[in-house]
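Results of the structural survey
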Amino acid sequence: MTTTHAPPAPANALTGKRRVAFASFVDENYLPGFLTLLRSLALSNPGVCEDFIVLHDGLRPASVERIRALHPRADFRRVDADHYDTYAKGDQDNYLVRKAYFILDVFRVRDYDTVITLDTDMVVLGDLGELLGLRDGLAAVPQFFYGQHKLNSGLLVIQRPYLSDDFCARIDETGRSGAYELDKHDQGILNAVLAGDFVRLDTRYNYVKRRLSGDLPVPDTTAILHFTGRHKPWQGGEAGYGQAEDRWRAYEMSDAEFHAAYLARPGAKHHDLLVHYGTPHVRRTGDPESARRVAAAHIGAGEYQEAADLLGSVRIPVDEAWPHEVLGHALMSVSRYEEARTQLLLAAAAPNRAATAFSRLAQIAWIHGDDEAASRYARDGLAVDPTHRANRLMHLRTQPAPAPDEGPAQDQLAHVAFYMERQGNAGDKLLPESVRLAFDRDTGPRRWHSVHAHRLFDEAALERVNARRGLVIGGGGLFIPDTAPNGNSGWQWNVPERLLERIDVPVIVYAVGFNAFDGQAYGHGRGRFLSSLRTLVERAAFFGLRNHGSIDKVRALLPASLHDKVRFQPCPTTVTRQLVDGWTDPAEREETVLLNAAYDRSGLRFGHDYGHFLAEIATAVTALGTRAEVKCVAHSLDDERIAFDLRREHGISLPVIPMYDFDNDEIRDTYARTKLVIGMRGHAGMIPFGCGTPVISLISHPKMAYFLSDIDRPEWGISVHDRHLGARLVERAAGLLDDHAAAVADVHARQQELWKVTEANAADLKLIVPGARV
């Protein structure tokens, strides 16, 4: 396979995830209005925090700081005042005119897919979800006074085709020609360019003050209230609009009042806003409940040290169980286990938090190899809440079992992996066996000593590993910060660096992936991760990553001297047909198409586009249902949501295949017998591909694009954000189904290229671990 691998692209370029921003033109005169706008946006839409482009022609440093205090993602961009001199018609000194011209600079933005402009004399009163979900055209509210063929300024929802050099050239040409109405300025230019061709929004998104003349009340449905005209609320207002101005003044408050008001808002809150407003509030008040909420936001984003620091800085009363529980969670996530136990035992005294506290105590005991204590804590949790899933799984995990009939240590390889229980993720369940098949036909305890990646690697574990003939680490996406977090390594293997350095048998890192999502970072734990990663690469005799995207990411984190040690080793699930002894391709396949969707970290996967995704999948399922039976294949319990949502929102019922309950042979057999798999999880693509089945990936994570790039078939992937997802999915699926024999042959050919890489690596591995199958 001859594929040229360019430098790593931005994650959103691979996933197709839309970048959305708000934008306003701001100067010192309108700064009070803009600050009120920012407060109203946060309080009316507490779960929304997109970048905010602040266009300006010179703001004082103090004004910049005031804006930053209200929005954590403010992006200041200075406009070129001289640019508009050629068509300013001599009135550039008039602020309203300057603002009208300068907001046109928003069309020069190139780093976003959707930009929503808001005037600095607006307040946001309602949900903007509909605007954030818009994907086509240039949308605006028609002018109230001048007819439906003209748009009103202030609120524009601008999509990528309009954020272009071509559209800017049309604006400049119209501006220079003077072929627009003098007193309408930006809307005059835009109306002349668009000639009525814009998407019409409901008036509630740009409800102009003039509609309320006579002191009329603001309609309850109003989402954005626009104080058009020369008299602004912060300048004294205007007679006859008292009720409207009262709505504006409701958002005129001090920072302390605003922070408290935000934390008091009901419903889900955006991580960035909750941290930005909640942190100073906690520092000012010392309130443990506010600290708990901010710490929980940190934990949800994988910022465990930040959570521990903030919540540990306040005095938590003994009887306030929830803050103790969250602090315990944070502390165990940075491997401060004894402190975590103390906090969790305090939380366990309260019935409403006891089940969760006991499950975390059980987890700590299990991490330290104490199955008896882990089982006891899990039973305590089940006594409080018999339905608590984490306690039930831990209780099952720690039930006494016959000791494995292990062979002599000198004949074994130690294997660090994430060993998934039944009802766990099907892909993770299959991975350890697939890795072992690459080394030995015998995948059982006679030839393998299992080391669970999530259990603490202590002196006893080190001694056991050093007694074996080698250590294999893999596969799976072990390089990710928030799956089994710990403060020892910063990635999934809970190994202190000092013990990693003392492993004296050959270390083989095999088909591991760098699994960070688009928008996910290592945060405060980055230094710990980088140090552990470097030590691992230095110590490894073989360091193979499962796709070139991961290779690029990891090399960027290492000194140049270690780059050559990082090599390509495809995931063994992608060459299943070569590894499973006696494999035979099915003589006939079922007339089925299997659909998989993933919902972990759904905000990172879908952004504002889940409704769009679901509607497009409904279109595709309906069309494909005329060719084959479409079934939902669930790698984990959460994956069944696609079936529930399709039935509730679109009246489509799909049979569900509970693959999380399957053993490894059942997983392979199911994927080998279907005609096509449309999957969102990485292993909902790699496993069927390895079984010889055509696949289409629903790309919501860079790793799917990485895999398709490695096999030189990027057309087998479609972003979950694609504007025409349903139609494209049907078209590509139809092509694979119509000439199925050719599609299967193509899969086999692509797989053979991956097998050649695996065989080439085998030559080196045989020197490292003599007698291995590879």
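Not measured: the values here are computed from a predicted model. (Residues numbered from 1 in each chain as written. Predicted model: local features only at pLDDT ≥ 70, side-chain atom pairs only at ≥ 80, totals over all residues. Heavy atoms only, no water.)

Remarks on the overall build of the protein chain
Let me state the cut-off plainly: A helix here means a DSSP run of H or I that spans at least four residues, while a strand means a run of E at least two residues long, and both kinds are numbered starting from the N terminus. What the globule rule says is 2.2 Å times the number of residues to the power 0.38, and the radius of gyration is computed from C-alpha atoms. Partly exposed describes any residue whose relative accessible area lies between the buried limit of under 20% and the exposed limit of over 50%, with all areas from a 1.4 Å probe on protein chains only and scaled to the type maximum. What makes two residues a contact is simply this: any of their non-hydrogen atoms within 4.5 Å. The method behind every accessible area is Shrake-Rupley, applied with a 1.4 Å probe, and residues are considered shielded solely by the protein chains displayed. In this tally, Lys and Arg are treated as positive and Asp and Glu as negative; His is ignored, and so are the chain termini. Where a charge lies is defined by one atom per residue type, namely NZ (Lys), CZ (Arg), CG (Asp) and CD (Glu).
When helices and strands are counted, the protein chain shows 31 helices and 23 strands. The C-alpha radius of gyration of the protein chain comes to 29 Å, within 12% of the 28 Å expected for a compact globule of 774 residues. Along the first, second and third principal axes, the C-alpha atoms of the protein chain reach 90 × 65 × 55 Å. A buried classification covers 58% of the 774 residues belonging to the protein chain. Excluding contacts between residues fewer than 6 apart, the proportion of contacts in the protein chain whose partners are at least 24 apart in sequence is 71%. In the form shown here, the protein chain has an accessible surface area of approximately 30,000 Å², with 49% of it arising from carbon and sulfur atoms. One finds the centroid of the 89 positive side-chain charges in the protein chain at a distance of 1 Å from the centroid of its 102 negative side-chain charges.

Quick look at the side chain of Gln412
Here is the rule we go by: Side-chain atoms alone can form a polar contact between residues adjacent in sequence; in general such a contact is a pair of N or O atoms within 3.5 Å, and within protein one must be able to donate a hydrogen while the other accepts it.
Looking at the element boundaries, Gln412 is found in the loop between helix 17 (389-397) and strand 11 (413-417). At 3.4 Å, the side chain of Gln412 forms a polar contact with the backbone oxygen of Trp448. A distance of 2.8 Å separates polar atoms of two side chains, one belonging to Gln412 and the other to Arg468. Once you skip the residues sitting within four places of it in the chain, Gln412 turns out to touch Glu406, Gly407, Pro445, Arg446, Arg447, Trp448, His449, Arg468, Arg469 and Gly470.

What to know about the sheet that holds strand 19 (residues 629-634)
Rules: Strands qualify as paired when DSSP identifies two bridges or more between them. Here, axes are lines fitted to C-alpha atoms. For helices the fit covers the stretch in contact, and angles between N-to-C directions go from 0 to 180 degrees.
Taken together, the six strands give an open sheet; going across it, the order is 20-19-18-21-22-23, and neighbouring strands pair in parallel fashion. A single partner strand is all that each edge strand has here, and the edge strands are strand 20 (656-658) and strand 23 (717-719). Pairwise comparison of adjacent strand axes, ignoring direction, gives a mean angle of 25° for this sheet. Pairing of strand 19 with strand 20 involves three bridges; the strand directions are parallel. Residue pairing for strand 20: Ala634 is matched across the bridge by Pro658. Against the sheet, helix 30 (residues 725-738) makes contact with strand 18 (592-595), strand 21 (676-679), strand 22 (695-699) and strand 23, and its axis sits at roughly 165° relative to strand 22, the strand it touches most.

What about the layout of surface pockets?
We apply this condition: A pocket here means an open set of points on a 1 Å grid, computed over the protein atoms alone, that has protein on both sides within 12 Å along at least five of seven lines. A cavity is instead a set of points where a 1.4 Å probe fits but cannot get out; residues with an atom within 4 Å of a point line either one. Grid points are joined across faces, edges and corners, and a volume is the space filled by probe spheres set on the points. Gly falls in the polar group here, along with every residue not listed as nonpolar (Ala, Val, Leu, Ile, Met, Phe, Trp, Tyr, Cys, Pro) or charged (Asp, Glu, Lys, Arg).
Within this model, the second largest pocket holds a volume of roughly 1,300 Å³. Contributing to the lining of the second largest pocket are 38 residues, with Pro404, Tyr419, Ser450, His452 and Arg455 lying nearest its centre. When contributions to the lining of the second largest pocket are tallied by element, the ones reaching two or more residues are helix 15 (351-367), helix 17, helix 18 (426-437), strand 12 (448-452) and helix 19 (459-466). Per-class residue counts for the lining of the second largest pocket are 17 nonpolar, nine polar and twelve charged.

As for the sheet that holds strand 10 (residues 224-226)
Sheet architecture is open: three strands sit in the order 5-10-9, paired in mixed fashion. Of all the strands in the sheet, just strand 5 (122-124) and strand 9 (207-208) have a single pairing partner and so form its edges. As defined by bridge partners, strand 5 adjoins strand 10 across three bridges and the pair is classed as antiparallel. Bridge pairing in strand 10 links Val124 to Ile224.

Examining helix 3 (residues 61-70)
Convention followed: The reported arc concerns the directions from the helix axis to the C-beta atoms and nothing else.
All buried positions along helix 3 are accounted for by Ser63, Val64, Ile67 and Leu70. Projected down its long axis, helix 3 carries its buried residues within an arc of 125°, all on one side. In helix 3, the exposed residues that point more than 90 degrees away from the buried face are Pro61 and Ala62. Check the buried side of helix 3 and you find it contacts helix 2 (31-44), strand 2 (51-56), strand 3 (74-78), helix 9 (255-264) and helix 10 (271-285).

Side note on the packing of aromatic side chains
Note the cut-off: Within 6.5 Å between ring centres, the rings of Phe, Tyr and Trp (the latter by its six-membered ring) count as paired, and their orientation is classed by plane angle as stacked under 30 degrees, edge-to-face over 60, tilted in between.
Considering all chains together, one arrives at 24 aromatic pairs under this definition. Arranged with centres 5.0 Å apart and planes meeting at 75°, the rings of Tyr262 and Tyr277 form a pair that is edge-to-face. One end of the pair, Tyr262, is in helix 9; the other, Tyr277, is in helix 10, with 15 residues separating them in the sequence. The pair Tyr262 / Tyr277 is uniform in exposure class, with both members buried.

Examining the pattern of salt bridges
Our working definition: A pair is scored as a salt bridge if a Lys or Arg side-chain nitrogen falls within 4 Å of a carboxyl oxygen belonging to Asp or Glu.
This structure, assessed with the given rule, holds 51 salt bridges. Across the pair Arg292 and Glu289 runs a salt bridge, and its minimum N-O distance is 2.6 Å. Separated by three residues within a single helix, Arg292 and Glu289 lie in helix 11 (residues 288-300), roughly one turn from each other. For Glu289, a relative accessible area of 31% gives the class partly exposed. Among the salt bridges present, the one from Arg728 reaches Asp722, with a minimum N-O distance of 2.7 Å. In this structure Asp722 comes out as buried when scored by relative accessible area, which is 15%. Taken together, the shared-partner salt bridges in this structure form one network comprising Asp600, Arg601, Arg605, Asp639 and Arg681.

As for helix 8 (residues 242-249)
Of the residues making up helix 8, those classed as buried are Ala244, Glu245 and Trp248. The buried residues of helix 8 occupy an angular sector of 95° when the element is viewed end-on, so they sit on one face. Looking at the packing, one finds that the buried side of helix 8 touches helix 2, strand 5 and strand 10.

Notes on the pairing of strand 15 (residues 507-514)
Most of strand 15 sits out of view: eight of its eight residues are buried. Note that strand 13 (residues 471-473) and strand 15 share three bridges and pair parallel. Bridge assignment links Ile473 to a residue of strand 15, and that residue is Val509. Where strand 14 (residues 476-479) lies against strand 15, two bridges are found, and the strand directions are parallel. Opposite Gly476, over in strand 15, you have Val512 as the bridge partner.

Observations regarding the confidence of the model for the protein chain
Stated precisely, the cut-off is as follows: Per-residue confidence from the prediction method is given by pLDDT, with values spanning 0 to 100.
Scored by pLDDT, the protein chain has a mean of 91; 93% of the residues are at 70 or more. Confidence drops under pLDDT 50 across residues 1-8; counting only partners more than four residues distant or on other chains, this segment forms 14 contacts.

Points about the packing of helix 25 (residues 610-624) against helix 30
Heads up, the condition is: Crossing handedness is defined as follows: a turn of the near helix away from the far one that is anticlockwise and smaller than a right angle gives a left-handed crossing, while the clockwise case is right-handed.
Look at helix 25 against helix 30: their axes get within 7 Å of each other, and the N-to-C directions meet at 35°. Classified by chirality, the crossing of helix 30 by helix 25 is right-handed. Contacts from Phe613, Glu616, Ile617, Ala620, Ala623 and Leu624 in helix 25 reach Leu725, Gly726, Ala727, Leu729, Val730 and Ala733 in helix 30. Counted by class, the contact of helix 25 with helix 30 contains ten nonpolar, one polar and one charged residues.

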